[in-house]
Amino acid sequence: MTGHITLRPWSAQPQHAGIWRVGIDHPGKLNAMSRAMWVALRETLQAVNARSDVRCLVVQGEGAAFCAGGDIAEYPGFRFDEAQLTHFHESEVWGGLQALLDCPVPVVAAIRGACMGAGVEISSCCDLRVATEDAKFGAPIARLGFPMAPRELELVGREVGSMVARRMLLEAAVFSAAEMAQHGFLGPVVAAEQLDAVVQDTAEKVAALSPLAARLNKQAMRSLAQGGVPAVVQPYAYADDAEHREGIHAFLEKRKPQF
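This report concerns the structure included in the present document. In this numbering scheme, every chain counts its residues from 1 along its sequence in written order. Thresholds applied to this predicted model are a pLDDT of at least 70 for local features of residues and 80 or more for the giving and counting of side-chain atom pairs; totals over whole chains, interfaces and linings are not thresholded and use all residues. Only hydrogens and water are removed before side-chain values are computed, so all heavy atoms of the structure are retained for them.

## Side note on the packing of helix 1 (residues 35–49) against helix 2 (residues 82–101)
Next, step 1: To obtain each axis, a line is fitted to C-alpha atoms, and for helices this fit is confined to the stretch in contact; angles are then taken between N-to-C directions over 0 to 180 degrees. Numbering of helices and strands runs from the N terminus; a helix is a DSSP stretch of H or I covering at least four residues, while a strand is a stretch of E covering at least two. Packing of helix 1 against helix 2 brings their axes to within 8 Å, and their N-to-C directions diverge by 30°. With respect to helix 2, the axis of helix 1 lies roughly parallel. When you trace helix 1 past helix 2, the crossing you get is left-handed. The residues of helix 2 that touch helix 1, namely those facing Arg35, Trp38, Val39, Leu41, Arg42, Leu45 and Asn49, are Gln84, His87, Phe88, Ser91, Glu92, Val93, Gly95, Gly96, Leu97, Ala99 and Leu100.
Next, step 2: Residue type decides the class: Asp, Glu, Lys and Arg count as charged, Ala, Val, Leu, Ile, Met, Phe, Trp, Tyr, Cys and Pro as nonpolar, and the leftover types, Gly among them, as polar. Of the residues that constitute the contact of helix 1 with helix 2, the class distribution is nine nonpolar, six polar and three charged. Oblique is the label for any angle not under 35 degrees, not over 145, and not in the 65 to 115 range, which are roughly parallel, roughly antiparallel and roughly perpendicular in turn. The hand of a helix crossing depends on one turn: near helix anticlockwise from the far one by less than a right angle means left-handed, and clockwise means right-handed. The contact criterion used throughout is that any non-hydrogen atoms of two residues lie within 4.5 Å.

In structure tokens form, the structure reads like this:
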């Protein structure tokens, strides 16, 4: 069993139209990412990114964990060869992460239990993060004798903060959800039984807003996060867009906008 990535609507309820869920599923291994799962993550996100009916995406691990890292049982088969190791990190792993970063709609991470290594990297690609009180975060890969790949480290360091990343990697520190929230990595930290309800409420709020505004905001924020200026092509081309007109007119008419 190499694990798999699933994609489905959040629910069949009409009010949840536009909310989709990506599931990380590797039974018996706390959803550790296998090589096949990284490839499947890229392919799944590419399929999501090509759809026009998605307004919000939720990424969630199945069962009691978000993602406990990589599938270490596979490592002896490729990690000791430089060419294969390069392909793994630069094509398979980064291909999945980049596809998630490229998702044009807001992405919400629903995190419970272990969020280690690959789990931290995947959640770092998400725009909003909700975690349970028992969630744990870290990347103790120095215990396995290797560093974090450069692009993965840049991503994680940017999102968790430099000092947290240093402690994760240099002392194998593991952080609680409360600590990660204090460092600004997480939004709400909730009881385990509340996770789905809080994530659903978050996704509903996102999906009810203007999809155009969400996509343009994501483009601008992604550029800023990478150290540049907002690189939105023709940033005011939305002036005559129907969503723009609807939002302004709905406010003036004191009614709820219909996006």
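Further notes follow.
## Considerations on the side chain of Glu92
Next, step 1: Summarising the element assignment, Glu92 is placed in helix 2.
Next, step 2: Think of it in three bands: residues with accessible area under 20% of the maximum for their type are buried, residues over 50% are exposed, and the middle band is partly exposed, with areas taken using a 1.4 Å probe on protein chains only. Residue Glu92 is classed as buried on the basis of its relative accessible area, which comes to 9%.
Next, step 3: Residue contacts for Glu92: discarding those within four places in its chain leaves Arg35, Trp38, Val39 and His87.

## Points about helix 4 (residues 150–160)
Next, step 1: Where helix 4 is concerned, the buried positions are Glu152, Leu155, Val156, Gly157 and Val160.
Next, step 2: Contacts from the buried residues of helix 4 go to helix 2, helix 3 (118–124), helix 5 (162–170) and helix 6 (177–182).
Next, step 3: Remark: Gly161 follows helix 4 within two positions and exhibits a positive phi of approximately 100°.

## Some details on the sheet that holds strand 5 (residues 114–116)
Next, step 1: At least two bridges found by DSSP between two strands are what make those strands a pair. The strand order across the open sheet formed by three strands is 5-7-8, and the pairing between neighbours is mixed. Either end of the sheet is taken by a strand with one partner, and the two such strands are strand 5 and strand 8 (174–176). Neighbouring strand axes in the sheet, compared pairwise and without regard to direction, differ in orientation by 20° on average.
Next, step 2: Pairing between strand 5 and strand 7 (residues 136–138): three bridges, direction parallel. Among the inter-strand pairings, Ala114 is bridged to a residue of strand 7, identified as Lys136.

## What to know about the nonpolar core
Next, step 1: Core analysis: the biggest nonpolar cluster contains 56 residues, and Met33, Trp38, Val59, Ile111, Ile122, Phe137 and Met180 have the highest contact counts within it.
Next, step 2: The biggest single contributor to this core is helix 2, with seven residues.
Next, step 3: Here Met180 is in contact with Phe137, Val160, Val164, Met168, Phe175, Phe185 and Leu186, once residues within four sequence places are set aside.
Next, step 4: Here, nonpolar core means buried Ala, Val, Leu, Ile, Met, Phe, Trp, Tyr and Cys residues that are tied together by side-chain atoms lying within 4.5 Å of each other. By size, the runner-up hydrophobic cluster in this structure holds 13 residues, among which are Cys56, Val108, Val130 and Ala203.

## Re the environment of Arg21
Next, step 1: By the element assignment, Arg21 lies in strand 2 (residues 19–25).
Next, step 2: Using a relative accessible area of 5% as the deciding quantity, one classes Arg21 as buried.
Next, step 3: Distance in space between the C-alpha atoms of Arg21 and Met221 is 23 Å, their sequence separation being 200 residues.
Next, step 4: Once residues within four sequence positions are removed from consideration, Arg21 is found in contact with Thr6, Leu7, Arg8, Trp10, Leu57, Val58, Gln60, Gly61 and Glu62.

## What to know about the side chain of Asp71
Next, step 1: Considering the arrangement of structural elements, one finds Asp71 in the loop between strand 3 (56–61) and helix 2.
Next, step 2: In protein, a polar contact requires one atom able to donate a hydrogen and another able to accept it; more generally it is a pair of N or O atoms within 3.5 Å, and residues adjacent in sequence count only if both atoms are side-chain atoms. A polar side-chain atom of Asp71 sits 2.8 Å from a polar atom in the side chain of Lys29.
Next, step 3: For Asp71, the contacting residues outside a window of four places in its chain are His26, Lys29, Ala32, Met33 and Ser34.

## Here we look at the pairing of strand 2
Working note: regular strand, side chains alternate between the two faces of the sheet.
Next, step 1: Across the seven residues of strand 2, seven count as buried, placing the element largely inside the fold.
Next, step 2: Where burial is concerned, the two faces of strand 2 agree: the one with Ile19, Arg21, Gly23 and Asp25 and the one with Trp20, Val22 and Ile24 are both buried.
Next, step 3: Note that strand 2 and strand 3 share six bridges and pair parallel. Residue Val22 lies in a different strand from strand 3, and its bridge partner there is Val59.
Next, step 4: In terms of handedness, the path from strand 2 via helix 1 over to strand 3 forms a crossover that is right-handed. By definition, the crossover connecting two strands over a helix is right-handed if that path, from the first strand to the second, turns clockwise as seen with the strands pointing away from the viewer.

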